[in-house]
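Here's the letter readout for the chains.
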Amino acid sequence: AKAAGRNTFRFFEPAMEEEAESRLRLGMDLRRALQRGEFELHYQPILDVASGTIVSAEALVRWHHPSRGLVPPSDFIPAAEEAGLIVPLGEWVLRAATHEARHWPDHVRVAVNVSTVQVRHGSLIAAVRAALDASRLEAERLELEITESVLMADDERASAVLHDLRGLGVHIALDDFGTGYSSLSYLRQFPFDKLKIDRSFVSTSSEVEAATIVRAVAALGRGLGMIVTAEGVETQEQFDMARAEGCTEVQGYLVGHPYPAGEELRMRLGQAPA
Ligand code: C2E
Ligand code: CA
Ligand code: CA
Ligand code: CA
């Protein structure tokens, strides 16, 4: 490779080669992980401010990698999207989350994150219907969280998918609101039930700035008839601010960390927090 000259040599920089290799390896690892059942869902409670009760829990995927330990979704969701594995992984998440939610109190919904790739793939509606049928969970108890990137790519198609999903009776939340290429026209165009204000706005270092943004978004969402959830609430001050500025719901470490499925979780979801 050296003899081929400088430019060629640069092209084969070890860093790039390693990166491509590690992406390939990750793709293969993910495929195997799906077959071996190495994924697990943790659930984070979401509190209704007015009643002080837990009204839903968000399913967050984790990967028990045989040698790397517990891998967070930020380390593999993008690779899973690239490798096309997000579709089977997403179907597994839907099935597992709806099954688990059947064991929760009737008023507690389960929220599932759905990738833009899944919305565009064309199999999402069938996958949602299959998960609801298999689990016998009422559609109203399932909420799908999508991000703004869904909306830009393919308006007509995404719009049709979201409307069909809503036709099934599931709720739809716009996740990480404000971090993408949001346009206010999306809020009229798509039938959202809920707006989730991204953590970065709730926990910004300037309290005045946080309150101003949260107030404006809460007013906007509630004015359009949506539930508004403040994400990433870690302190009592942030909780008080979110409540004072008109958020309907609060999610974050203050209310509860993501927690594995099982008896303990089911008990926690049934109790009013201390
Ligand atoms: P997200 O949907 O915005 O989920 C909220 C993230 O914030 C979670 O990180 C959660 O653990 C974290 N979080 C919750 N409360 C607090 C808090 O008070 N402080 C801080 N600092 N963080 C908090 P996690 O579990 O690492 O997930 C990261 C992202 O990965 C999610 O962001 C979501 O975009 C994606 N993700 C997770 N599970 C799935 C899934 O099943 N499918 C898809 N497509 N994406 C998923
Ligand atoms: Ca989410
Ligand atoms: Ca979010
Ligand atoms: Ca986020």
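The structure presented is a predicted model; accordingly, all values stated were derived computationally and were not measured.

Before going further, it helps to examine the overall build of the chain. Check the secondary structure of the chain and you find 13 helices and ten strands. The C-alpha radius of gyration of the chain comes to 20 Å, within 12% of the 19 Å expected for a compact globule of 274 residues. C-alpha atoms of the chain, sized along the principal axes, occupy 70 × 45 × 40 Å. Restricting to contacts in the chain with at least 6 residues of sequence separation, those with at least 24 account for 67%. Taking the average location of the 28 positive side-chain charges in the chain and that of its 40 negative ones, the two points are 4 Å from each other.

This next bit is on the pairing of strand E6 (residues 171-177). Successive side chains on a regular strand alternate, one facing one side of the sheet and the next facing the other. Taking burial as the measure, the seven residues of E6 include six buried ones, the bulk of the element. Of the strand pairs in this sheet, strand E5 (residues 142-146) and E6 are connected by four bridges, and their pairing is parallel. Each residue of the ladder has a partner; that of Leu144, found in E6, is Ile172.

Before going further, it helps to examine the pattern of salt bridges. When the charged atoms of two side chains with opposite charge come close together, those side chains can pair. Counted under the stated rule, the structure contains 14 salt bridges. Among the ionic pairs, Arg166 bridges to Asp193, the shortest N-O distance being 2.8 Å. In this pair, Arg166 is assigned in helix H8 (residues 155-168) and Asp193 in the loop between helix H9 (184-189) and strand E7 (194-197), connecting sequence segments 27 residues apart. On the basis of relative accessible area, Arg166 is assigned to the partly exposed category, the value being 34%.

Moving on to the coordination of the calcium ion (ligand 3). Protein-derived coordination of the calcium ion (ligand 3) comes from Asp175 (OD), Asp176 (OD), Glu231 (OE) and Glu231 (OE), at a distance range of 2.2 to 2.5 Å. Mapping the donors of the calcium ion (ligand 3) onto the primary sequence yields the spacing D-D-x54-E. Taken as an interatomic distance, the gap from the calcium ion (ligand 3) to the calcium ion (ligand 2) is 3.8 Å; Asp175 donates to each of them. Exposure remark for Asp176: the relative accessible area of 23% places this residue in the partly exposed category.

Within the chain, residue pLDDT values average 89, and 92% of them lie at 70 or more. Overall, residues 1-9 carries pLDDT values under 50, and its contacts beyond four positions in sequence, including any with other chains, amount to two contacts.

Parameters at a glance
- Residues numbered from 1 in each chain as written.
- Chains lettered and ligands numbered in written order.
- Predicted model: local features only at pLDDT ≥ 70, side-chain atom pairs only at ≥ 80, totals over all residues.
- Heavy atoms only, no water.
- Helix = DSSP H or I, 4+ residues; strand = E, 2+ residues; numbered from the N terminus.
- Rg over C-alpha atoms; globule rule 2.2 N^0.38 Å.
- Contact = heavy atoms within 4.5 Å.
- Lys, Arg positive; Asp, Glu negative; His and termini not counted.
- Charge placed at Lys NZ, Arg CZ, Asp CG, Glu CD.
- Buried < 20%, exposed > 50% of the residue type's maximum accessible area, 1.4 Å probe, protein only.
- Pairing = 2+ DSSP bridges.
- Salt bridge = Lys/Arg side-chain N within 4 Å of Asp/Glu carboxyl O.
- Donors = N, O, S within 2.8 Å, 3.2 Å for Na, K, Ca; no water.
- pLDDT = per-residue confidence, 0-100.

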